[in-house]
Each structure stands twice: as structure tokens, then as C-alpha cells.
Amino acid sequence: MNITLSNGKVLPIEMHQIKIVQKTHLPPASRRLEAMQEAGFNTFLLRTKDIFLDMLTDSGTNAMSDRQLSAMMASDDAYAGSESFFRLAAAVQEVFGLRFVMPVHQGRAAEHLLAKAFVKPGDAVLMNYHFTTSKAHVDLAGGRVIELFGEDALETCSCNPFKGNLDLGKFAAAVEERGPERIAYVRMEATTNLIGGQPFSMQNLRDVKAMADSFGIPLVFDGSLISENAYFIQQREAEFAGTTLQEIILEMMRNVDILYMSGRKSAAARGGLIATNRKDFYDRILAWLPVYEGFATYGGMSTKEIEAMAVGLREMTDPAVASSSADFIEYFVRRLAEEGVPVVTPAGGLACHLDATRFLPHIPQSQYPAGALAAAIYIASGIRGMERGTISTDRGADGSETLADMELVRLALPRRLYTLSHIEYAIDRLKWLFVHRELIGGLKFVEEPAVLRFFFGRLAPIGGWDERLAEDFRADFGDAC
Ligand SMILES: *Cc1c(COP(=O)(O)O)cnc(C)c1O
């Protein structure tokens, strides 16, 4: 929620009070340098005891509400027929208008079952953009992902309010080229994660659905970040200016054949689900559910998390909840842009993304500017972000480096976890780092796994810049902060 101050400035404000807290601490700069060295300059390998603000991801790290926590206490543990499942089904019916629901242990489990049920070897799956796990499951089923994003989806500096839109011309061309029978489904991802949390418009979703129907292709909707996309539609698409988020979500669902989602993001729980009104689709997916997840009424989830997800689904339709991260991110991005720090615009729905290509133009892509920036941010602030660039892109089959489309550092804002003073602190340290950007150098691999190297790979700074950066930081702030 945004409020306007008496001086005309807009301030994002917390529409909740904090009743349970977890103590955190800021390790001194000398310890941060050491911890980064121990972690092989890979933020995934840091331990949380060394982290002040954890902005690695918004997945499963959101603050939960009092109602979610109390619902967990009253869960009904049963292998089959659990009341917790029926409370989830009621929430899915109310929030999405969908009759059939299957719990799964998380979002990627839904992707696995969908690929099992729909993707045959040689099939294509069309997407507005891929997500790492959604692509992996299509690949493993022998299918192929074709991305149909618009012209400026990958531009880091843009005014397009709907960079997540799927390009209809490319859609028609892909169907023309392969034939509709070789296309398993078209997948629309809400608040498109890997291009910076960018939404699609309702008009685009309606157009994609109409075209998919004309070819007889099912539309699968990845709703992991659905409430943020609904909020952006309300804020940015004229037709929906006065419409409630609940109505927007229902209108979205009138344009999908199958919804699936991770429960770890918008729903502020842990788990996932698949839902549909198509009995034939439900039956087809259900056949795989007990094999990989569990019985139809728990699907690999604990009943406690089923209860938390049911409450989380209803709560995410509250504008105070749906806007909580988005408004803070917008503030974060706007303030950094005012200071000249290169960020991705417009602000998205899950994180503030820094553009390492513009932040560190002196570091060639082969020396991983986004990885270097993520390491430098940690040394200068104790904040953990995530590299989304060439390190996150594995080498080609011949061992050659694949340079990423974009070199980004993602600073995710878990929903309702941090306060505005945390954001102010982050802005200040990023400003300092930008002024001292010449101190930052590149990285090279010292241990490099062949697959998903960003998780476990270890790197080293080229030319000992880490020590110099920490020294300059201590000269300005002392060791304690
Ligand atoms: C996180 C996420 C997934 C995968 O969900 P998990 O619960 O992490 O398995 C799929 N799609 C999108 C858009 C996501 O953000």
C-alpha cells in the first residue's frame, strides 16, 4: 500500500504489525570478506548466520500471517479424505472458480506431472518465457520449449508496463510451422520470473486463449506469482482500474484450461497445486499423482502446509497483501534509479534487479560481472542476492561458454519480511558500491560443475579486488557496520 505524505512524496507502508520476530545480526565487514572467500564467491554457499538481509529469493521465505499459523495448528492429518484438503478445495473454488484440485509438494512437481500427462517426445511447449524448472521438465519428457516473448522483453530499461506479454504473431507462426497437434500446450507465466517479475495484460491473456482455442491447444497458467500480476493489471490496465483483485483473478481463470502454482510465492506457504474445471484433464494428471506425489488429498504436502496454503490463497486477494512486495520494490527501484544506479525498469513483482552490464562496464562478460556484483554487494552490506547471468547459464555441449542475454543481480523481497529501514539501508550501501564500482573486478571458476553450476560452483576474484573493496569500505564506515 502506498500513502502520500504532506510533502507530496509517496511512501510504501507496511499494512501489518510484527508480532513474531527472528533476531538477525550484521556481521562486521572483516567477517563478510572471510565468509565470501569461504563460500567461493557464490552467494548460494553462504550460511544464513553470516547474512544480514537475505534477498536470495522470495520462495518459501515470506512472512506468514497469524491466521495461517493458527490454521496450521488445526490441520487434519489423514492419508485419505483429510478435512484439510476439503478446506483447500473450498478456497480454490472461491478464489479461482476451479472445481478440481490436486495438491503437489511444490511448483516443479506440478510441472513434472503436466509434462508426464501432456508432453510426448518431439512435442513443443510454447511459453511467454521459460522458468528453469518448467523448461527442465519439458526437456526431460523429450519436448522442446519455444519462447514467444515480445520485442523489448529483454531490454533492461523500458517503459512497457506488460513485458510479460506473449507475442501473438510468433504464436501463429510457431503453430503454422509445427502443426497444432505437435504442440502440447501454451504456458502463460504470471509476473514472469526470469525477465524480472514482469506481468502480462488481461487483454494479452484473452487474445492468447482465443488463439489457443482456435487451434485446439490447451492453455496452462503458471500462477506462482498470480496476485502480483493481478495487482499490476489493476494498476496499469485501464479496463481494470476499479476492479477488485478477486474479480481480476476470476477473469484470468475464465481464460485458462489448467492452473498450476507453487504455493511458496504469492500464497506465502510451502507446497503447490494443480486446478482445472476440465474433468478429462484432471483425470489425466491424477493418474500420475499417487506415483510421484501421494494420494489425491495430500499430494506430497503436509496437511499443515495445505491449511496454510488455503488461507494464503484467500489472503493474497487482499490488496494490502498483494501490493506488499510490489510497492516496496517500486520504491527500491525508483530510489536507486534516482541515484543513477542501473536497475531494470519498470519495477517488477518479486525483486529489484540490478543491471550488472551497466553497473560494471569494465568487466567482460567472460569474467561474470553479475557474479562479481553479487559478491561485492555481500561484502559491502551483508545482503545476499542472486546472480542471474552467465554463471547461471551452463556451457554448451562443446564446453564453450554461453554468454547470457542479460547480466542481472536479483535482490528478492520476500513478502512482508523486511521493513522500509532495511530497504533504506540497502539503497545506501548500493549507492556507496556504485560510487566505488571501479574497485570491483571479475571472477574465474576454480571448481565448475557441468550442470547447474551456479548452485555449487566455486570461484575466485581476478586480481585480489575483494581485499581492496573491504579495505575501502572499512576506511569509510569502520569494521563494525
Ligand atoms: C518458483 C517457481 C516455480 C517452481 O516452484 P517451486 O515451488 O520452487 O518448485 C515455477 N514457476 C514459477 C514462475 C516460479 O516462480
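Criteria and thresholds
Residues numbered from 1 in each chain as written. Predicted model: local features only at pLDDT ≥ 70, side-chain atom pairs only at ≥ 80, totals over all residues. Heavy atoms only, no water. Near = heavy atom within 4 Å. Polar contact = N/O pair within 3.5 Å; in protein donor to acceptor, adjacent residues only side chain to side chain. Areas by Shrake-Rupley, 256 points an atom, 1.4 Å probe, with all protein chains shown as cover. Helix = DSSP H or I, 4+ residues; strand = E, 2+ residues; numbered from the N terminus. Axes fitted to C-alpha atoms, helices over the stretch in contact; angles between N-to-C directions. Parallel < 35°, antiparallel > 145°, perpendicular 65-115°, else oblique. Contact = heavy atoms within 4.5 Å. Nonpolar A, V, L, I, M, F, W, Y, C, P; charged D, E, K, R; others polar. UniProt positions renumbered as here; feature names shortened; annotations may be inferred. Pairing = 2+ DSSP bridges. Core = buried A, V, L, I, M, F, W, Y, C linked by side-chain atoms within 4.5 Å. Buried < 20%, exposed > 50% of the residue type's maximum accessible area, 1.4 Å probe, protein only. Left-handed = near helix turned anticlockwise from the far one by under 90°.

Draft legend 1. A look at the site of the ligand. In the vicinity of the ligand, 14 residues are found, and the nearest of them are G107, R108, D222, S262 and K265. Interatomic distance of 2.9 Å between a backbone N/O atom of G107 and an oxygen atom of the ligand. Burial of the ligand by the protein amounts to 98% of the accessible area it has alone, namely 380 Å². By residue number, the principal contributor to the shell around the ligand is helix α4 (residues 107-118), which donates three residues.

Draft legend 2. Region of the structure containing the packing of helix α8 (residues 226-236) against helix α13 (residues 319-338). One way to put it is that α8 packs onto α13 with a least axis distance of 9 Å and a crossing angle of 75 degrees. Overall, the two elements α8 and α13 adopt an arrangement that is roughly perpendicular. For the pair formed by α8 and α13, the contact residues are S227, E228, Y231 and F232 on the first element and A322, S323, A326 and D327 on the second. Split by residue class, the contact of α8 with α13 holds four nonpolar, two polar and two charged.

Draft legend 3. View of the UniProt feature "modified residue: N6-(pyridoxal phosphate)lysine" (unreviewed entry) in the protein. UniProt's entry tags K265 with the feature "modified residue: N6-(pyridoxal phosphate)lysine" (unreviewed entry), counted in the numbering of this structure. Positionally, K265 belongs in the loop between β9 (258-262) and β10 (272-276). Not counting the four nearest positions on each side in its chain, K265 is found in contact with D58, S59, N62, N193, S224, L225 and R415.

Draft legend 4. Summary view of the sheet that holds strand β8 (residues 219-222). In space, the seven strands of this open sheet follow the order β4-β10-β9-β8-β7-β5-β6, with mixed pairing throughout. Every other strand in the sheet has two partners, leaving β4 (100-104) and β6 (144-147) as the edge strands with one partner each. Here the strands of the sheet are splayed against their neighbours by 20 degrees on average, with no regard to which way each runs. Alignment of strand β5 (residues 124-127) against strand β7 (residues 183-189), held across four bridges, turns out to be parallel.

Draft legend 5. A look at the nonpolar core. In terms of nonpolar packing, the biggest core is built from 62 residues, with F332, L336, L354, L373, L433 and I440 touching the most fellow members. The leading source of residues in this core is helix α15 (residues 369-381), at ten residues. For F332, the contacting residues outside a window of four places in its chain are M55, C352, L411, I423, A426, I427 and L430. V186, V208, A230 and A310 belong to the second largest nonpolar core, which has 59 residues in total.

Draft legend 6. Region of the structure containing the packing of α15 against helix α16 (residues 420-435). Relative to each other, α15 and α16 sit at 115 degrees, their axes nearing to 10 Å. Where α15 crosses over α16, the two elements pack in a sense that is right-handed. Across the interface between the two elements, L373, A376, I377, A380 and S381 of α15 pack against Y425, R429, L430, W432 and L433 of α16. Among the residues forming the contact of α15 with α16, the class breakdown is eight nonpolar, one polar and one charged.

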